[in-house]
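Per-entry structural report
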Amino acid sequence: GRPMLIIANNITTRTPKVNHLFRQSEQTHWDPESDAAVELRGMMRDCANAGADFIEINTQQHYDQPEVMEFAITLAQQASTKPLCLSTNNPESADVGLRMCKRPPLLNYLSADARKLQRVLPMVAKYKAEMVLLVTEPGESADAETMLKKATILVGTANEAGVPNERILVDPGLVH
């Protein structure tokens, strides 16, 4: 089996500090040498030095635009050589992110949304990325049999798009 992966999710627009730093960066037109960018890069470096296997860039809640993904990946790749985990709901941001990453990233939380899968799975295959398939949506409860059926359909869809099993992680989406 595969060892546990440690994904540092400190760079998420869910947190007020990171959201504030992105807001400041937007005001400097995404200048990678601005004070906010230097602070974000330092946070990313700290995550890498603390032992993270992946540095997550999560723009899902706010700032989910391609230029923000490009900015964050630029900083992350300056901060360390760790592979990246990209969390976005925007297919254009995913495309920019997958294209920019020097090492194939992990694309986080692809759900059963058929339109999104049709757009994103070919990109995952093309850039040889890994992916996390989310079996249940947040707040949705499902029994084990239902989750297995959905996982089978999602993995089969990913395989048909050219993503092999060894690049797929399945998250049952259990409520914490």
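In what follows, the structure referred to is the one given above.
Attention in this report is confined to the structure presented alongside it. Here the structure is a predicted model, which is why all the values come from computation and not from measurement. (Residues numbered from 1 in each chain as written. Predicted model: local features only at pLDDT ≥ 70, side-chain atom pairs only at ≥ 80, totals over all residues. Heavy atoms only, no water.)

**Quick look at the side chain of Ser34**
Mapping Ser34 onto the fold places it in the loop between helix 1 (16-27) and helix 2 (35-49). Residue Ser34 is classed as buried on the basis of its relative accessible area of 8%. Not counting the four nearest positions on each side in its chain, Ser34 is found in contact with Ser25 and Thr28. (Helix = DSSP H or I, 4+ residues; strand = E, 2+ residues; numbered from the N terminus. Buried < 20%, exposed > 50% of the residue type's maximum accessible area, 1.4 Å probe, protein only. Contact = heavy atoms within 4.5 Å.)

**Considering the environment of Gln78**
With respect to the helices and strands, Gln78 occurs in helix 3 (residues 66-79). Residue class for Gln78 comes out partly exposed when judged on its relative accessible area of 40%. When the C-alpha positions of Gln78 and Ala50 are compared, they lie 17 Å apart, and in sequence the two are 28 residues distant. When neighbours within four sequence positions are excluded, Gln78 is seen to be in contact with Arg41 and Arg45. Polar contacts involving the side chain of Gln78 include one to the side chain of Arg41, which spans 2.5 Å. (Polar contact = N/O pair within 3.5 Å; in protein donor to acceptor, adjacent residues only side chain to side chain.)

**Observations regarding unusual backbone geometry**
The residue Trp30 is not glycine, and still its phi comes out positive at about 60°. If you trace the backbone, Trp30 turns up in the loop between helix 1 and helix 2. In this model, Tyr63 sits at a positive phi of 65°, which is unusual for a non-glycine residue. Within the secondary structure layout, Tyr63 lies in the loop between strand 2 (54-58) and helix 3.

**Some thoughts on the environment of Val170**
Relative to the helices and strands, Val170 is located in strand 6 (residues 168-171). Among the residues examined, Val170 registers a relative accessible area of 42% and is labelled partly exposed. When near neighbours in sequence (up to four residues on either side) are disregarded, Val170 contacts Leu133, Val135, Ala151 and Val155.

**Some remarks on the sheet that holds strand 3 (residues 84-87)**
The strand order across the open sheet built from 6 strands is 1-2-3-4-5-6, with neighbouring strands paired in parallel fashion. Lying at the two open borders of the sheet, with one neighbouring strand each, are strand 1 (7-12) and strand 6. Within the sheet, the average angular offset between the axes of one strand and its neighbour, ignoring direction, is 25°. With 2 bridges joining them, strand 3 and strand 4 (residues 106-110) adopt parallel strand pairing. When the bridges of strand 4 are listed, Leu86 appears paired with Leu107. Helix-sheet contacts for helix 6 (residues 144-160) involve strand 5 (130-134) and strand 6, and the interaxial angle to strand 6 is about 160°. (Pairing = 2+ DSSP bridges. Axes fitted to C-alpha atoms, helices over the stretch in contact; angles between N-to-C directions.)

**Observations regarding empty space enclosed by the protein**
Evaluation of the coordinates by the stated rule reveals 1 cavity of 30 Å³ or more. One number sums up the size of the largest cavity: a volume of about 30 Å³. If you go around the largest cavity, the residues you meet are Thr88, Asn89, Asn90, Pro91, Ala94, Leu107, Leu110, Lys116 and Val120. Secondary structure elements with two or more residues in the lining of the largest cavity: helix 4 (91-100), strand 4 and helix 5 (114-126). Partitioned by chemical class, the residues of the lining of the largest cavity number 5 nonpolar, 3 polar and 1 charged. (1 Å grid on protein atoms, 1.4 Å probe; cavity = no way out; pocket = protein on both sides within 12 Å on 5 of 7 lines; lining within 4 Å. Points joined across faces, edges and corners; volume = space filled by probe spheres on them. Nonpolar A, V, L, I, M, F, W, Y, C, P; charged D, E, K, R; others polar.)

**Observations concerning the packing of helix 2 against helix 3**
Two quantities define a packed helix pair, namely the angle between the axes and the distance from one axis to the other. Packing of helix 2 against helix 3 leaves a shortest axis separation of 8 Å and a crossing angle of 55°. In terms of axis orientation, helix 2 runs oblique to helix 3. Crossing of helix 2 over helix 3 shows right-handed handedness. Note on element contacts: helix 3 touches helix 2 through Phe71, Ala72, Leu75, Ala76, Gln78 and Ala79, opposite Ala37, Leu40, Arg41, Met44 and Arg45. Split by residue class, the contact of helix 2 with helix 3 holds 8 nonpolar, 1 polar and 2 charged. (Parallel < 35°, antiparallel > 145°, perpendicular 65-115°, else oblique. Left-handed = near helix turned anticlockwise from the far one by under 90°.)

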